[in-house]
Number of protein chains: 2
Amino acid sequence: MSQQKKQLRLGAFLMSSGHHVAAWRHPETPADGGLNFHHFRKVAQTAERGKFDMIFFADGVAVRQRGQGLDAVSRSAVVHFEPLTLLSALSVVTENIGLAATVSTTYNEPYHLARKFASLDYLSGGRAGWNLVTSATEAEAHNFNRDEHMEHGLRYERAREFVDVVTKLWDSWEDEAFVRDKASGIYFDPDKHHVPNHKGKHFSVLGPLNVARPPQGYPVIIQAGSSEDGQDLAAHTAEVIFTAQQTLAEAQAFYGGVKARVAQAGRNPDHVKIMPGVFPVIGKTEAEAKEKYDQLQELIHPYVGLGLLSGMIGGFDLSQYPIDGPLPDLPETNGGKSRQRLLTDLAKRDNLTIRELYLAIAGARGHRTILGTPQTIADQLEDWFVNGGADGFNIMPPYLPGGLDEFVDLVIPELQRRGLFRTEYEGKTLRENLGLPRPANQFTQVADAPELVSASR
Amino acid sequence: MSQQKKQLRLGAFLMSSGHHVAAWRHPETPADGGLNFHHFRKVAQTAERGKFDMIFFADGVAVRQRGQGLDAVSRSAVVHFEPLTLLSALSVVTENIGLAATVSTTYNEPYHLARKFASLDYLSGGRAGWNLVTSATEAEAHNFNRDEHMEHGLRYERAREFVDVVTKLWDSWEDEAFVRDKASGIYFDPDKHHVPNHKGKHFSVLGPLNVARPPQGYPVIIQAGSSEDGQDLAAHTAEVIFTAQQTLAEAQAFYGGVKARVAQAGRNPDHVKIMPGVFPVIGKTEAEAKEKYDQLQELIHPYVGLGLLSGMIGGFDLSQYPIDGPLPDLPETNGGKSRQRLLTDLAKRDNLTIRELYLAIAGARGHRTILGTPQTIADQLEDWFVNGGADGFNIMPPYLPGGLDEFVDLVIPELQRRGLFRTEYEGKTLRENLGLPRPANQFTQVADAPELVSASR
Ligand SMILES: Cc1cc2nc3c(=O)[nH]c(=O)nc-3n(C[C@H](O)[C@H](O)[C@H](O)COP(=O)(O)O)c2cc1C
Ligand SMILES: Cc1cc2nc3c(=O)[nH]c(=O)nc-3n(C[C@H](O)[C@H](O)[C@H](O)COP(=O)(O)O)c2cc1C
């Protein structure tokens, strides 16, 4: 066995009936996937059979409804499980796989978040991961007493302090604080109990947390945010970075940049795993893969395609124009001028109809699409992995459960044959499987203690 | 079978190693019960075997630490699972039993709460219940950016508006909104989609919720709060009321009062189930029950007893006085004068030592203690039930799993023999088992539609 080789990390990024915008219409997906626990149980168990490091859920605290009116009615992503409740349920039907959920620092309180992830870490025996985001939409603000989304810089300032509070709460109790000695009646050692008493600009939180220190010390901290502020926060706090990259050159630039920032922040770059999203369409032959992709593309309801496209060209309503005709001349838009120009240029250059244009932009939502056989897909993953573009990938099955079954049954064995991917889990916790160190408790740290994952600088 | 008789409702109120303050020291409890999923799985399955209507968890968003320093170190309630994550996990290992968790309206946001309970209702196939409280401690305020606990009247004002927002969110989608028609590509019917757009004093929430209408319409709404404001809120919104009552006369007064308020609020009094807490100590004989109780009482660490007592007499430190001597004369206290007087009178009248006094008040924390055989315990439950004191009970096992095993194996069969309690679940949802109507959607209500559970007046 070639287990000496550096190992690839894999996340299974799961979404309702799959990532493709029309996945719910695919004949082999459950159309109610987003709220169907049996569906998620099956898919999570498949990912565990494939030895994925973790399953991963995106999230938002508003209806994901990028279009308006008729566009929206064809979207399955409007309703779905809340990820922490779903992962808690999935913790019972899985044993080794990590359980990662996205939760925003903008519309939550650190005490609730620290508590829920600590609770999930206990439920799962140390398999929890938190994908820290700062939220992206106005719609979320409107569900939380606000007229507009918090300004970008302020969101990241809040996020940094948020992580600081959350790690202090997780450190409220030392690992050995609970002696639970029935004979003497001593439940915990008061010297191993710390009151965070945090007072900052955004938060004033006394603590301690009413959950013991999580099995992993801290749940694994994941980050998705690619702006300067986002990369800066990641450099100081993240252990996994989820990102969207289209070409190897772009991926290498991002990878190199983030790893340098991590080193600058005084942390070990190996302790931050960079995992771009990949949307794989798998066939026994290249032609079969192409056919599968086309089958999905054909399922995109014209409303949805038009809605997506309208959104990207500044909100201009295209429904009055023949769908198989050319893109009309567009009035100038207030927002997203460069994207509008990009699309009109593309349509002109390739002489695309409206339908052809929306098909070109639907699908992986900005992530990398790979069509191919198990071999050529493994080739492409390996290419990025060995050439400094990625430490692993967040796999986004186009449709579920089929798209994940194929990846597990066909691509994973190929990666294993190449010695790039585990055949058995190395450890019991997500942190152990990802090869990440267990963080020291900041309240007991001595000068030369192991690296502390914290936002404080 | 005498299934014609009115049926008793039973909740299994579960807490770490049990409700007795020293339960974790009992030889047969897991001392780490609060964070031990296998323990809760076993106990939940036992409650389901006993055909309980629901399991029930209290909660607070701070360490439950009523004492100080040495008192605290013997308390097991300091750390425990967060109840919504725990119930989500338990939904997978149970099939029929209701899953109820306490969540405060004072330190939460309605969008998060509506979403998580809706998600739990989907995970469990319609078994979720929400115990609405307004929080009781200063310590919780300090974990949420506040110097002091929100004032009582304001808390209830916020709670009323909170329920209003939450029910609007649950009604965002009509029951049949999701057509999910693969052929036409229509996922939902836009006419069955409602945007709450709530604007009130405490909350401004646009919606809609990103979860479909819960299987139960709304999760069952439970309420625990006995002040005037609390009873008023319950009359307008609650479907189950959890309360602490010591004597039948008190219980009858409370029961009659609340049912009258419910009728006044225009609701059907049968659709509000009043369930006082009961702390049962079960023996094959009365003497065995007494022995079991004494065994638990002896496990109360003197620190804990002194701490409890000190708290109840206004914070006066008793640790300098001989524990087996009399209660000293006390300085007058600022808070809780009547309780201080009650305790000093009790000590004088019965000539109690400090130890005897704290033993008298430890245990059921204000709830009714019943010691006896399965028959005499069933007698006492039946007495309250048939005489207008209760619609059912929230059973508080002194220690776990033993205290629940005994109730299920000995008391439940006795209640069943008397025709007072089910031998099989009647329905699949908590609402069906409790005999509660499924609420109509407020956005589609017509003049004579079924009762709507809502805080609006
Ligand atoms: C790959 C990727 C995945 C993301 N997933 C989510 C998500 O699930 N929920 C969310 O609210 N935001 C998500 N975001 C966006 C974050 O909210 C991000 O904080 C916001 O866009 C601002 O990030 P920026 O640093 O790129 O400006 C994601 C971002 C990226 C790059
Ligand atoms: C039987 C009972 C159980 C309660 N359980 C909880 C609880 O688990 N968590 C909590 O924060 N408050 C709990 N409370 C208190 C509520 O927070 C309540 O809203 C607060 O004490 C104020 O209520 P009141 O003044 O209306 O009695 C409980 C109250 C009663 C009567």
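Residues numbered from 1 in each chain as written. Chains lettered and ligands numbered in written order. Predicted model: local features only at pLDDT ≥ 70, side-chain atom pairs only at ≥ 80, totals over all residues. Heavy atoms only, no water.

(A) Broad picture of the site of ligand 2. Residues and elements named next belong to chain B. Residues in close proximity to ligand 2 total 18 residues, the closest being D59, T134, H152, Y156 and S227. Separating an oxygen atom of ligand 2 from a backbone N or O atom of S135 is a distance of 3.1 Å. Taking S227, its side chain carries an N or O atom lying 2.5 Å from an oxygen atom of ligand 2. Relative to its unbound accessible area of 610 Å², ligand 2 is 78% covered by the protein chains. (Near = heavy atom within 4 Å. Polar contact = N/O pair within 3.5 Å; in protein donor to acceptor, adjacent residues only side chain to side chain. Areas by Shrake-Rupley, 256 points an atom, 1.4 Å probe, with all protein chains shown as cover.)

(B) Spotlight on the pairing of strand β1 (residues 9-13) of chain B. All names here are of chain B. Burial runs high along β1: 5 of the 5 residues are buried. Going residue by residue along β1, you find R9, G11 and F13 tucked away on one face and L10 and A12 tucked away on the opposite face as well. One ladder, built from 4 bridges, connects β1 with strand β13 (residues 392-395); its direction is parallel. Note that in β13 the partner of R9 across the bridge is G392. Bridge count between β1 and strand β2 (residues 54-57): 3 bridges; the pairing is parallel. Within the sheet, the bridge partner assigned to A12 lies in β2 and is I55. Each parallel crossover has a hand, and for β1 linked through helix α1 (residues 37-49) to β2 it is right-handed. (Buried < 20%, exposed > 50% of the residue type's maximum accessible area, 1.4 Å probe, protein only. Helix = DSSP H or I, 4+ residues; strand = E, 2+ residues; numbered from the N terminus. Pairing = 2+ DSSP bridges. Right-handed = clockwise from strand over helix to strand, strands pointing away.)

(C) Spatial organisation of the interface of chain A and chain B. Each partner contributes residues to the interface: chain A has 74 residues there, and chain B has 73 residues. Together chain A and chain B conceal approximately 6300 Å² of surface at their shared face, both sides included; 61% is due to carbon and sulfur atoms. Of all residues in chain A, V73(A), K182(A) and Y187(A) bury the most surface against chain B, accounting for 12% of the area lost on that side. A salt bridge links R115(A) to D59(B), with the nearest nitrogen and oxygen atoms 2.6 Å apart. Between the two partners, chain A and chain B, sit 42 residue pairs in polar contact (both at pLDDT 80 or more). (Contact = heavy atoms within 4.5 Å. Buried area = accessible area lost by both parts, 1.4 Å probe. Salt bridge = Lys/Arg side-chain N within 4 Å of Asp/Glu carboxyl O.)

(D) Just the relation of the copies chain A and chain B, in detail. Between chain A and chain B, which share one sequence, the superposing operator has a rotation angle of 180° and an axial displacement of 0.0 Å; the RMSD is 0.1 Å. Here the transformation between the copies is reduced to the relation of a two-fold axis. Proximity to the rotation axis, assessed at the C-alpha, singles out A89(A) in chain A; its C-alpha lies 2.0 Å from the axis. Both copies present the same face, since 99% of the interface residues in chain A are matched by interface residues at the equivalent positions in chain B. (Least-squares fit on C-alpha atoms with pLDDT ≥ 70 in both.)

(E) Focus on the pattern of salt bridges. Residues and elements named next belong to chain A. By the definition in use, this model includes 48 salt bridges over all chains. The partner of E228 in a salt bridge is R261, with the nearest N and O atoms 2.9 Å apart. With E228 in helix α6 (residues 228-237) and R261 in helix α7 (residues 248-264), the pair connects residues that are 33 residues apart, well separated along the chain. Judged by relative accessible area, E228 falls into the exposed class, the value being 56%. Residue K259 is joined to D391 by a salt bridge in which the shortest nitrogen-to-oxygen separation is 2.8 Å. One end of the pair, K259, is in helix α7; the other, D391, is in the loop between α12 (374-386) and β13 (392-395), with 132 residues separating them in the sequence. Among the charged side chains, a network of salt bridges with common partners joins D379, E382, E414, R417 and R418.

(F) Examining the nonpolar core more closely. Counting residues in hydrophobic clusters, the biggest one holds 176 residues, and the most contacted among them are F52(A), I55(A), F52(B) and I55(B). Counting 21 residues, the second largest nonpolar core, distinct from the first, contains L308(B), L330(B), A347(B) and L352(B). (Core = buried A, V, L, I, M, F, W, Y, C linked by side-chain atoms within 4.5 Å.)

(G) Expanded view of the site of ligand 1. All names here are of chain A. Around ligand 1 sit 18 residues in total, of which D59, T134, H152, Y156 and S227 are the nearest. Between ligand 1 and Y156 there is a distance of 2.5 Å, counted from an oxygen atom to a side-chain nitrogen or oxygen. Separating an oxygen atom of ligand 1 from a side-chain N or O atom of S227 is a distance of 2.5 Å. A total of 610 Å² of accessible area belongs to ligand 1 in isolation, and the protein chains cover 78% of it. Counting residues per element, the shell around ligand 1 draws most heavily on helix α5 (residues 152-170), which supplies 3 residues.

(H) Here's a closer look at unusual backbone geometry. All names here are of chain A. Cis rather than trans, the peptide bond between G207 and P208 has omega equal to -5°. Structurally, P208 can be placed in the loop between β8 (204-205) and β9 (220-223). The amide bond that connects L400 to the next residue, P401, takes the cis arrangement and shows omega of 0°.

(I) How the structure looks around the UniProt feature "binding site: FMN" (unreviewed entry) in chain A. All names here are of chain A. This chain's UniProt record puts "binding site: FMN" (unreviewed entry) on D59, T102, H152, Y156, S226 and S227. Looking at where H152 falls in the secondary structure, it is placed in helix α5. With a relative accessible area of 32%, H152 lands in the partly exposed category. Within the secondary structure layout, S226 lies in the loop between β9 and α6. Owing to a relative accessible area of 41%, S226 belongs among the partly exposed residues under this scheme. (UniProt positions renumbered as here; feature names shortened; annotations may be inferred.)

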